Amino acid sequence: MSTATDAHAPNTKVMNRFDLTSRLIAKLKQEEAVIGGIGNTNFDLWAAGRRPQNFYMLGSMGLAFPIALGVALAQSERRVFALEGDGSLLMQLGCLSTIAAVAPKNLTMIVMDNGVYQITGAQPTPAAGVSDIIAIASGCGITNGAWAADEEDFERLVDQSLSGSGPALIAARIDEKPGVGTTRRDPVQIRERFMLGLGVRQAL
């Protein structure tokens, strides 16, 4: 991946989060773990195909990347993906430095950037239009990052991350359409399904 240098990423197509999430899920064949951030990010992950290796973060902004880091370190042979919105990432930018320092080879982070806090009323994020997520990540030490130019480029970057040595970060400009459906909001069941899916707990 190459590092973007233009803060506004003008050469990237505005895409749809559910479409990109569906494209990602379609490529996962080896029980890869996927951590979805709060709100529309995990709504679309839920709708794109419920897998026991999916974890749906509820109620806490910015924790998708830290949770994914923990999974990647605990199960270093499993490829781990984390899906996060730009607003949520802004709540936990420090995690990028931690991830860069630990440098898990099996972690890919995907940021869906629409420049707003969509779930609470589409208020612009403080960084909307002036900050480049890829440049920020690079400054934190994550050098394997790129903006997806379009859907085909997004798929290429996912394929590259599946066979590469991370950590990697893919950023995508997305529209403001709401997520598809609603995640079944039962944290206990979500946790139990995920633990079973990772093979760290046996079904009773």
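What counts, and at which threshold
Residues numbered from 1 in each chain as written. Predicted model: local features only at pLDDT ≥ 70, side-chain atom pairs only at ≥ 80, totals over all residues. Heavy atoms only, no water. Pairing = 2+ DSSP bridges. Helix = DSSP H or I, 4+ residues; strand = E, 2+ residues; numbered from the N terminus. Axes fitted to C-alpha atoms, helices over the stretch in contact; angles between N-to-C directions. Contact = heavy atoms within 4.5 Å. Parallel < 35°, antiparallel > 145°, perpendicular 65-115°, else oblique. Left-handed = near helix turned anticlockwise from the far one by under 90°. Nonpolar A, V, L, I, M, F, W, Y, C, P; charged D, E, K, R; others polar. Salt bridge = Lys/Arg side-chain N within 4 Å of Asp/Glu carboxyl O. Buried < 20%, exposed > 50% of the residue type's maximum accessible area, 1.4 Å probe, protein only. Phe/Tyr/Trp six-rings, centres within 6.5 Å; stacked < 30°, edge-to-face > 60°.

(A) Inspection of the sheet that holds strand E8 (residues 168–173) at higher detail. Taken in spatial order, the 6 strands of this open sheet run E2-E1-E3-E4-E8-E7, and their pairing is parallel. With partners counted over all chains shown, the strands left at the sheet margins are strand E2 (54–56) and strand E7 (145–147), one partner each. Direction aside, neighbouring strands of the sheet carry axes that sit 15 degrees apart on average. The pairing of strand E4 (residues 107–113) with E8 spans 6 bridges and is parallel. Paired with Met112 across the two strands is Ala172, which belongs to E8. Across the sheet, helix H3 (residues 64–74) lies against strand E1 (33–36), E2, strand E3 (80–85) and E4, angled at about 175 degrees from E3, the strand it touches most.

(B) Region of interest: the packing of helix H1 (residues 17–27) against helix H2 (residues 40–48). Running from N to C, H1 and H2 point in directions that differ by 50 degrees, and their axes come no closer than 9 Å. Here H1 lies oblique to H2, going by the angle between them. Here H1 runs over H2; the crossing is right-handed. Side by side, H1 and H2 meet where Arg17, Phe18, Thr21, Ser22 and Ile25 of the first sit next to Asn40, Thr41, Asp44, Leu45, Ala47 and Ala48 of the second. Along the lines of polarity and charge, the residues of the contact of H1 with H2 split into 5 nonpolar, 4 polar and 2 charged.

(C) Structural detail: the pattern of salt bridges. Enumeration over the complete set of coordinates arrives at 9 salt bridges. The residue Glu151 makes a salt bridge to Lys13 at a minimum N-O spacing of 3.1 Å. Of this pair, Glu151 sits in helix H7 (residues 151–163) while Lys13 sits in the segment before H1, and the two are 138 residues apart along the sequence. With relative accessibility at 43%, the residue Lys13 sits in the partly exposed group. One salt bridge connects Glu192 with Arg191, and the closest N-O pair in it is separated by 3.0 Å. One continuous salt-bridge network, built from bridges that share partners, spans Asp19, Arg23, Lys27, Glu155 and Asp159.

(D) Just the packing of aromatic side chains, in detail. Going through the model one piece at a time under the given rule, you end up with 2 aromatic pairs. Judged by centre distance (5.1 Å) and plane angle (65 degrees), the ring pair of Trp46 and Tyr56 falls under edge-to-face. With Trp46 in helix H2 and Tyr56 in strand E2, this residue pair connects regions lying 10 residues apart in the sequence. On the basis of relative accessibility, which here comes to 3%, the residue Tyr56 falls in the buried class. For the pair Phe55 and Phe194, a centre-to-centre distance of 5.2 Å together with 50 degrees between the ring planes defines the contact as tilted. Note that Phe55 is positioned in strand E2 and Phe194 in helix H8 (residues 187–197), a separation of 139 residues in sequence.

(E) Structural detail: the environment of Ala137. With respect to the secondary-structure elements, Ala137 resides in helix H6 (residues 133–140). Take Ala137: its relative accessible area is 1%, and that puts it in the buried class. Along the primary structure Ala137 and Ser97 are separated by 40 residues, whereas in three dimensions their C-alpha atoms are 7.9 Å apart.

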